[in-house]
Amino acid sequence: MSNSGSVPDRNALTATLRDYVEQLREEGLEGLPAGVRVAREAPHIETPPTPRAEAPAPISSSPEPRPAPAAAEMFSKYPGLEKTSTLEELRAFIGDCQRCKLAPLRKNLVFGVGNPNAELMFIGEGPGADEDLKGEPFVGRAGQLLTDIIERGMALTRSDVYICNVIKCRPPENRNPEADEVAACEPFMLRQIEIVKPKVIVGLGTFAVQAVLKVKTPISKLRGRWHEVRGIRMMPTFHPAYLLRNPGDKRLVWADVQEVMKVLGIPIPRRSGA
Ligand code: SF4
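Thresholds applied
- Residues numbered from 1 in each chain as written.
- Predicted model: local features only at pLDDT ≥ 70, side-chain atom pairs only at ≥ 80, totals over all residues.
- Heavy atoms only, no water.
- Helix = DSSP H or I, 4+ residues; strand = E, 2+ residues; numbered from the N terminus.
- Buried < 20%, exposed > 50% of the residue type's maximum accessible area, 1.4 Å probe, protein only.
- Areas by Shrake-Rupley, 256 points an atom, 1.4 Å probe, with all protein chains shown as cover.
- Salt bridge = Lys/Arg side-chain N within 4 Å of Asp/Glu carboxyl O.
- Near = heavy atom within 4 Å.
- Nonpolar A, V, L, I, M, F, W, Y, C, P; charged D, E, K, R; others polar.
- Pairing = 2+ DSSP bridges.
- Axes fitted to C-alpha atoms, helices over the stretch in contact; angles between N-to-C directions.
- Parallel < 35°, antiparallel > 145°, perpendicular 65-115°, else oblique.
- Left-handed = near helix turned anticlockwise from the far one by under 90°.
- Contact = heavy atoms within 4.5 Å.
- Phe/Tyr/Trp six-rings, centres within 6.5 Å; stacked < 30°, edge-to-face > 60°.
- Lys NZ or Arg CZ within 6 Å of the ring centre and 35° of its normal.

**Q** Quick rundown of the overall build of the protein chain? Include the residues and the values.
**A** Helix and strand counts for the protein chain stand at 10 helices and 6 strands. Within the span of the protein chain, comprising 274 residues, buried residues form 44% of the whole. Taken as a whole, the protein chain presents about 14900 Å² of accessible surface, with 54% of it coming from carbon and sulfur.

Following this line, the structure appears as structure tokens:
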């Protein structure tokens, strides 16, 4: 007498059922038994591909979240800062700032430019030589690339968005800002965020993103996913200066920019690149 329910057949059937149960769980069906992983060579039930969601990706938490200092704590450093309600008032409050050791080294304090009611805010690290000379953020070659992203990629203008840096004075030799310099200057950047109240922030480069999110995670792991800063969505991406050295990664920045465009309701051209 032949055995129609051989051991291999039963194993295959069990694996198929387990795959099916796991799939149902992933699709959100509740009350299913705990899943057991099965070998990939097990038979697989074909299902139609899930259509790609057009909605922007949800906000994810940072891999090493550290709470940002509370507003009161930040602003207690500079009494009166919390009372500034416009960018002009904030700029006047900062004045001829001597609050950290970068002050005597600068040619110009680089405050920020753009639309004070912008829905989109770009935050970079700090001024370079060109910015120090002109007193404006993101000028020079890297600045031109950011302008291309804004104008050619997003069909906006620089005056539609707001652009600033974490620190307002140029560190010597373009070195990274030091912790005491960031601590001295970041209340101004946080107040800029609170005054402009953008819908979306794009963090440009490792340093800016790490400073804003208070994490040590590399930008390559932070980019491409939404984070949150004081209730505002933030998309980290590579700094334009990095893209000048690594043009092959422009496609990654373009992918990040497209996520931003979805949230802002900006039509995405079928074939375009910054
Ligand atoms: S970097 Fe900021 S805190 Fe330091 S002097 Fe410039 S504006 Fe003031």
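**Q** With reference to specific residues and values, describe the pattern of salt bridges.
**A** Considering all chains together, one arrives at 12 salt bridges under this definition. Linking Arg158 and Glu136 is a salt bridge whose minimum nitrogen-to-oxygen distance equals 3.2 Å. Here Arg158, found in the loop between helix H5 (140–153) and strand E3 (162–165), pairs with Glu136, found in the loop between helix H4 (129–134) and H5; they are 22 residues apart in sequence, far enough to count as distant. Given a relative accessible area of 16%, Arg158 falls into the buried group. Linked through salt bridges whose partners overlap, the residues forming this network are Lys101, Arg175, Glu178, Asp180 and Glu181.

**Q** So, the site of the ligand: which residues are in play, and what are the values?
**A** Surveying the vicinity of the ligand reveals the residues Cys97, Arg99, Cys100, Ala103, Arg106, Leu109, Lys168, Cys169, Ala184 and Cys185. Among the residues forming the shell around the ligand, the class breakdown is 7 nonpolar, no polar and 3 charged.

**Q** I'd like to hear about the pairing of strand E6 (residues 232–237), residue by residue, with values.
**A** Across a regular strand the side chains alternate sides, sitting on one face of the sheet and then on the other. Here E6 lies mainly inside the structure; 5 of its 6 residues are buried. Looking at chain direction, strand E5 (residues 227–229) and E6 are connected through 3 bridges and run antiparallel. Considered in E6, the bridge of Glu228 is made with Arg233. Taking the residues between adjacent antiparallel strands as the criterion, E5 and E6 are bridged by 2 residues, where Arg230 takes a positive phi near 50 degrees.

**Q** Residues and numbers for the packing of helix H3 (residues 87–94) against helix H6 (residues 179–196), please.
**A** In the contact formed by H3 and H6, the axes pass within 10 Å of each other and the chain directions differ by 165 degrees. The orientation of H3 with respect to H6, classified from their angle, is roughly antiparallel. Regarding H3 and H6, the two cross each other, and that crossing is right-handed. Two secondary-structure elements touch here, H3 through Leu87, Leu90, Phe93 and Ile94 and H6 through Phe188, Arg191, Gln192, Ile195 and Val196. Residue classes in the contact of H3 with H6 are distributed as 7 nonpolar, 1 polar and 1 charged.

**Q** Break down the packing of H5 against helix H10 (residues 250–264) for me, with residues and values.
**A** As a packed pair, H5 and H10 sit with axes 12 Å apart at the nearest point and diverge in direction by 50 degrees. In terms of axis orientation, H5 runs oblique to H10. The hand of the H5/H10 crossing is right-handed. Between H5 and H10, the residues in contact are Leu145, Ile149 and Gly153 and Lys250, Val253, Trp254, Val257 and Met261, respectively. Split into classes, the residues belonging to the contact of H5 with H10 amount to 6 nonpolar, 1 polar and 1 charged.

**Q** Hey, could you go over the packing of aromatic side chains for me, with residue numbers and the actual values?
**A** Scanning the model with the defined rule gives 2 aromatic pairs in all. Summarising the aromatic geometry, the rings of Tyr78 and Phe188 are spaced 5.2 Å apart at their centres and angled 15 degrees between planes, so their arrangement reads as stacked. With a gap of 110 residues between them, Tyr78 in the loop between helix H2 (71–76) and H3 and Phe188 in helix H6 connect regions that are remote in the sequence. Residues Tyr78 and Phe188 agree in their burial class; the two are buried. Directly above the ring of Tyr78 sits Arg99, whose terminal nitrogen or CZ lies 4.9 Å from the centroid. Between the NZ or CZ atom of Arg233 and the centre of the ring of Trp226, over which it lies, the distance is 5.0 Å.

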